[in-house]
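Chain residues, written in single-letter form:
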Amino acid sequence: SQSEEWDGEFPKKLNFESTTCISSCPEVSGELVPCLMKAYYNFELLSGTVQNNVTFNKTLALEVVQSVTYQKSYPTREYRGKYCVPVWHDNSSLFEEVVTGPLQHSHRWDIAAGSFRRAWPVVLTSAVLAVILGIAYLHVMKDYAGL
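Computed from a predicted model, the values in this text were never measured in an experiment.

Trainee: Hey, could you go over the overall build of the chain for me, with residue numbers and the actual values?
Mentor: Of regular secondary structure, the chain possesses 2 helices and 8 strands. Put simply, the chain has 147 residues, and 19% of those count as buried. Here the analysis covers contacts within the chain between residues at least 6 apart in sequence; of these, 50% occur between residues at least 24 apart. Summed over its atoms, the accessible surface of the chain is roughly 11300 Å², and 59% of this surface lies on carbon and sulfur atoms.

Trainee: An account of the nonpolar core is requested, with residue identities and associated values reported.
Mentor: Formed by F10, L14, Y74, Y79, V85, L94, F95, V98 and V99, the largest nonpolar core amounts to 9 residues. The biggest single contributor to this core is helix α1 (residues 94–99), with 4 residues.

Trainee: An account of a nonpolar patch on the surface is needed here, citing residue identities and associated values.
Mentor: Together, Y41, F43, L45, L60, L62 and V64 make up a nonpolar patch on the protein surface, roughly 690 Å² of accessible area in all. Relative to the elements of secondary structure, L60 occurs in strand β5 (residues 54–65).

Trainee: Go over the state of the cysteines, please, and point to the residues and values.
Mentor: As enumerated under the stated definition, the model contains 1 disulfide in all. Between C21, a free cysteine, and C84, which holds the nearest cysteine sulfur, the sulfur-to-sulfur gap is 9.9 Å. Using a relative accessible area of 79% as the deciding quantity, one classes C21 as exposed.

Trainee: Please provide a residue-by-residue account of unusual backbone geometry, values included.
Mentor: One non-glycine residue, N52, lies in positive phi territory at about 50°. Checked against the element boundaries, N52 lands in the loop between β4 (40–51) and β5. If you check the backbone angles, N53 has positive phi at about 65° while not being a glycine. Positionally, N53 belongs in the loop between β4 and β5. Exposure remark for N53: the relative accessible area of 80% places this residue in the exposed category.

Trainee: Before we move on, could you go through the side chain of S73 and cite the residues and values that matter?
Mentor: Structurally, the position occupied by S73 is in the loop between β6 (68–72) and β7 (76–79). Taking relative accessible area as the criterion, S73 reaches 3% and is therefore assigned buried. S73 has contacts with W6, P26, V28, S29, G30, E31 and V33, leaving out every residue within four places of it along the chain.

Trainee: Before we move on, could you go through the environment of E9 and cite the residues and values that matter?
Mentor: Take E9: it is sitting in the loop between β1 (6–7) and β2 (10–11). Taking the relative accessible area as the measure of exposure, E9 reaches 41% and is therefore partly exposed. With residues up to four places along the chain from it excluded, the contact list for E9 reads S29, Y74 and P75.

Trainee: Help me get a handle on the pairing of strand β3 (residues 32–36), residues and values and all.
Mentor: Going residue by residue along β3, you find V33 and C35 tucked away on one face and L32, P34 and L36 left uncovered on the opposite face. Of the strand pairs in this sheet, β3 and β6 are connected by 5 bridges, and their pairing is antiparallel. Pairing of V33 across the sheet is with Q71, part of β6.

Conventions we followed
Residues numbered from 1 in each chain as written. Predicted model: local features only at pLDDT ≥ 70, side-chain atom pairs only at ≥ 80, totals over all residues. Heavy atoms only, no water. Helix = DSSP H or I, 4+ residues; strand = E, 2+ residues; numbered from the N terminus. Buried < 20%, exposed > 50% of the residue type's maximum accessible area, 1.4 Å probe, protein only. Contact = heavy atoms within 4.5 Å. Areas by Shrake-Rupley, 256 points an atom, 1.4 Å probe, with all protein chains shown as cover. Core = buried A, V, L, I, M, F, W, Y, C linked by side-chain atoms within 4.5 Å. Patch = residues over 30% accessible without salt bridge, like charges linked within 9 Å, V, L, I, M, F, W, Y side chains within 5 Å. Salt bridge = Lys/Arg side-chain N within 4 Å of Asp/Glu carboxyl O. Disulfide = S-S within 2.5 Å. Pairing = 2+ DSSP bridges.

Below, the structure is given as structure tokens:
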């Protein structure tokens, strides 16, 4: 989602608290995209309620309000297979703001998960080998060390 101020096809800044899930990244500006806006929390302290023969001295009621609004799209491209990021443009820093901002930390986890996905046979083989060698060691200790 974005602010109300635009510079050509792109918003001047992005609202990272407003997200959306879409089937494909918008390639042009002007399409309407549903965006989940920031949640607002309302707390109310209630006192002296009775339910199922139980008396509550104090109860905290929580109401969460969150809206979906339609925002104007801007040109984006797919990034790491699951994100839509603004297309890089000479007079816009939005691409760098997204990649070095909110997506920076998720990138580290993506790399770690991707590394494990590629290396799981090695990890599994190592674990099985460790169990076999551990059992063999215990048998050797039992037979020759008197344990």
